[in-house]
Amino acid sequence: MKVAVVGYGGMGGWHAEHLLKSDVATLAGIYDIKAERCELARSRGIYAYPSFESLLSDKSVELITVAIPNDVHEEVVVAALNAGKNVICEKPVTLSLESLDRMIDAAEKNGVRFSTHQNRRWDVDYLAMKKLHDSGELGKVINIESRIHGSRGIPSDWRGERAHGGGMLYDWGIHLIDQILTIFGWDVRRVQCICDNITNKEVDDGFRLDLVFASGERALIEVGTYNFIAMPRFYMRAEKGTALITDWREEAKVVKCKYWHENDVLPVKTAAGLTKTMAPRDDVTTETYTVERPASDVHDYYRHFIKAIREGDAQDVTYEQMRTDLKVILAAFRSAESGLPVEL
């Protein structure tokens, strides 16, 4: 299938690079509103369309990937859908539910497929946590903490500007929210959020988001761009144990409780007295092991979506999932502004 990319910046370049290596798609070319970006593509041997209209009129192109600032997604996506093209839109798909509904309506009216690029459903750290949750190996999961920490502040491009839909909730939050929802399910009942404005006063440069699900399970999602010591990527508490991933490059470490009741726990001496509550476990009552990193191939996003187009299969990222992800983000903004939890 021939694919064209609109926007040849960071993610547009990423898409173009991966399409050149794809086994299911061929890169037809790119279009960028900036002439220097088009020249950069041509210098790399990639065809650059002279205009967006010329791309839309190319009958050989069946799929368009849109990788441009968040505030202009709708205009470009709807034009592509109305031209009879299938469309992948970078995340966040758009900035309001009304805008998303107009995009979905255009896809359905024109009988084409529309998706958003939730490629981090193929991250191996997330897949390890999902595997542990779904297996029931540790019993009912109580909560999962998901974090991304860095120390360089928010990017200095449009991602730092409110008018373009900047900020970390839209940038990283949409991925981490989507990952947690695919683990716990899509029935979020309550949202509470606190945003940081440490290096940027216009948009959030970090946040702490608490989610409560209909199942009673809870999630903490945190993104920080001013953390010089990063906290673990994932932390899971469950009835029968705990799992930890310190870094996305590491395997999951699991400590599983084999026996609960102990009659001979030795108290721990502290400066303030004795405690049995915080007495350490030993290898008699617990089992410690690692979970092998799951196999993953980021090219599967395009493989699955193109298969859905070709064969009529259900697509990985459904319209309802796109709406729920966006609902959670919009509720997070409302919570941060009011200082109160928001019920969904």
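Structure shown above.
Below is a short write-up of the structure. Just so it is clear, the model here is predicted, and its values are computed rather than measured. (Residues numbered from 1 in each chain as written. Predicted model: local features only at pLDDT ≥ 70, side-chain atom pairs only at ≥ 80, totals over all residues. Heavy atoms only, no water.)

## Considerations on the pattern of salt bridges
Inference 1: Scanning the model with the defined rule gives 23 salt bridges in all.
Inference 2: One salt bridge connects Arg208 with Asp210, and the closest N-O pair in it is separated by 3.9 Å.
Inference 3: One salt bridge in this structure joins Asp297 and Arg303, with 2.9 Å as the shortest N-O distance.
Inference 4: Among the ionic contacts, a cluster of salt bridges with common partners joins Glu145, Arg147, Arg208, Asp210 and Glu222. (Salt bridge = Lys/Arg side-chain N within 4 Å of Asp/Glu carboxyl O.)

## Re the layout of surface pockets
Inference 1: When its volume is computed, the largest pocket comes out at roughly 1100 Å³.
Inference 2: Lining the largest pocket are 43 residues, with Met11, Ala67, Ile68, Trp158 and Arg159 positioned closest to its centre.
Inference 3: Within the residue set of the lining of the largest pocket, elements represented by two or more residues are helix H1 (10-20), helix H4 (73-82) and helix H7 (168-184).
Inference 4: Looking at the lining of the largest pocket, its residues break down into 20 nonpolar, 11 polar and 12 charged. (1 Å grid on protein atoms, 1.4 Å probe; cavity = no way out; pocket = protein on both sides within 12 Å on 5 of 7 lines; lining within 4 Å. Points joined across faces, edges and corners; volume = space filled by probe spheres on them. Helix = DSSP H or I, 4+ residues; strand = E, 2+ residues; numbered from the N terminus. Nonpolar A, V, L, I, M, F, W, Y, C, P; charged D, E, K, R; others polar.)

## Let's talk about the sheet that holds strand S7 (residues 188-196)
Hydrogen bonds along the backbone pair up the strands of a sheet, which may run parallel or antiparallel.
Inference 1: Strand order in the open sheet formed by nine strands is S15-S12-S11-S10-S6-S9-S8-S7-S16, with mixed pairing between adjacent strands. One side of each edge strand has no neighbouring strand; the edge strands of this open sheet are strand S15 (286-291) and strand S16 (342-343).
Inference 2: In the sheet, strand S8 (residues 206-213) pairs with strand S9 (residues 218-224) via seven bridges, with the strands oriented antiparallel. Pairing of Arg208 across the sheet is with Glu222, part of S9. (Pairing = 2+ DSSP bridges.)

## Here we look at the sheet that holds strand S5 (residues 114-116)
Inference 1: The strand order across the open sheet built from five strands is S2-S1-S3-S4-S5, with neighbouring strands paired in parallel fashion. Of all the strands in the sheet, just strand S2 (26-31) and S5 have a single pairing partner and so form its edges. Recorded for the sheet is a direction-independent mean angle of 20° between the axes of neighbouring strands.
Inference 2: Bridging between strand S1 (residues 2-6) and strand S3 (residues 61-66) involves five bridges; their strand directions are parallel. The partner of Val6 across the bridge, within S3, is Val66. (Axes fitted to C-alpha atoms, helices over the stretch in contact; angles between N-to-C directions.)

## Here's the deal with unusual backbone geometry
Inference 1: The step from Lys91 to Pro92 runs through a cis peptide bond, and the omega angle for that step is -15°.
Inference 2: Assignment of secondary structure puts Pro92 in the loop between strand S4 (86-89) and helix H5 (97-110).

## Considering the packing of aromatic side chains
Inference 1: For the coordinates displayed, the defined rule picks out nine aromatic pairs.
Inference 2: Arranged with centres 6.3 Å apart and planes meeting at 40°, the rings of Phe114 and Tyr319 form a pair that is tilted. On the criterion of sequence distance, the pair formed by Phe114 in strand S5 and Tyr319 in helix H9 (residues 319-338) is long-range, its members being 205 residues apart.
Inference 3: Taking the centre distance of 5.1 Å and the plane angle of 65° together, the rings of Phe184 and Phe213 count as edge-to-face. Residue Phe184 is found in helix H7, and its partner Phe213 is found in strand S8; the two are separated by 29 residues along the sequence. (Phe/Tyr/Trp six-rings, centres within 6.5 Å; stacked < 30°, edge-to-face > 60°.)

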